[in-house]
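Summary of the model geometry
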Amino acid sequence: MTDSAILQAETAAMVARGIARLFARNDIWCLAEMPLRNGRRADLMGVDPKGRVIIVEIKVQRADLLGDGKWPDYLDHCDRFYWGLPPGLDRGPLEGPDYRPDCCGIIVADGYDGEIVRPAPLHPLAAARRKVEVERLARASLRRMTVAGDPHCAPWGGDG
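Attention here is on the structure that accompanies the text. (Residues numbered from 1 in each chain as written. Predicted model: local features only at pLDDT ≥ 70, side-chain atom pairs only at ≥ 80, totals over all residues. Heavy atoms only, no water.)

Section: the side chain of aspartate 79
Assignment of secondary structure puts aspartate 79 in the loop between helix H2 (62–66) and strand S4 (80–85). A distance of 2.7 Å separates a polar atom in the side chain of aspartate 79 from the backbone nitrogen of leucine 125. Apart from residues no more than four positions distant in its own chain, aspartate 79 is found in contact with Arg52, Val53, Pro121, Leu122, His123, Pro124, Leu125 and Arg130. (Helix = DSSP H or I, 4+ residues; strand = E, 2+ residues; numbered from the N terminus. Polar contact = N/O pair within 3.5 Å; in protein donor to acceptor, adjacent residues only side chain to side chain. Contact = heavy atoms within 4.5 Å.)

Have a look at this one:
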C-alpha cells in the first residue's frame, strides 16, 4: 500500500469515527462496511430511532468523489443518503445535478465529531424493504459481535 493510500484510509477512518459520534449523540447507530444485496458495500449503514435506514458514502479526495458512478446503487437500500467528507474537501461537485442534491445530504467530519451541513431528505423505503434491510443490518452486527468475542466462529454464517 502506498503512503497516499494509507493516508486516504486513515482519513476515511477518521471521517467515519466523527460521523459515528455525531450519529450516536442523535441515537443513530451504524455499522461500517455493510454489504448490500446488490453487491455494493456501504461505508456506514445505520438505523435511526424511528427505524429508518441511513447510508453514508465517505469520500476523502476530489478524484474519488468525481469518479464515483456507483453511488445511486445505494439509494434503493436506505431512507436517507449522506455523503461523508473531511473538512476542506471541495463540496462544490455535490451541488450539481449529477449528484442529485434533492436526495443526498452532506456531513463534514473529522476524527472527533461531525456536522450535517445539508440534511438528507427522507425518501421512505417500502415497509417490507425496510424490514429486510434492518434485519440484515442487525444480523451483520450480531455476527461481528460474536466473532469479536470468539474468532473461531468466523468461518460460519454470512458475509456481514
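Considering the environment of alanine 12
In this fold, alanine 12 is placed in helix H1 (residues 3–25). For the pair alanine 12 and glycine 149, spaced 137 residues apart in sequence, the C-alpha to C-alpha distance is 26 Å. Contact partners of alanine 12, with chain neighbours within four places excluded, come to Ile58 and Val60.

Quick word on the sheet that holds strand S1 (residues 29–35)
Taken in spatial order, the six strands of this open sheet run S1-S2-S3-S4-S5-S6, and their pairing is mixed. Two strands in the sheet have a free side with no partner beyond their single neighbour: S1 and strand S6 (114–118). Neighbouring strand axes in the sheet, compared pairwise and without regard to direction, differ in orientation by 30° on average. Relative to strand S3 (residues 53–58), strand S2 (residues 41–47) is paired through four bridges, and the arrangement is antiparallel. (Pairing = 2+ DSSP bridges. Axes fitted to C-alpha atoms, helices over the stretch in contact; angles between N-to-C directions.)

Regarding helix H3 (residues 127–149)
When the terminal C-alpha atoms of H3 are compared, their 33 Å separation across 23 residues agrees well with the 33 Å that a helix rising 1.5 Å per residue should span. In this fold, the buried residues of H3 make contact with S1, S2 and S3. (Expected span 1.5 Å × (residues − 1).)

As for the environment of glycine 157
If you trace the backbone, glycine 157 turns up in the segment after H3. Measuring from C-alpha to C-alpha, the distance between glycine 157 and arginine 139 comes to 9.8 Å, with 18 residues separating the pair along the chain.

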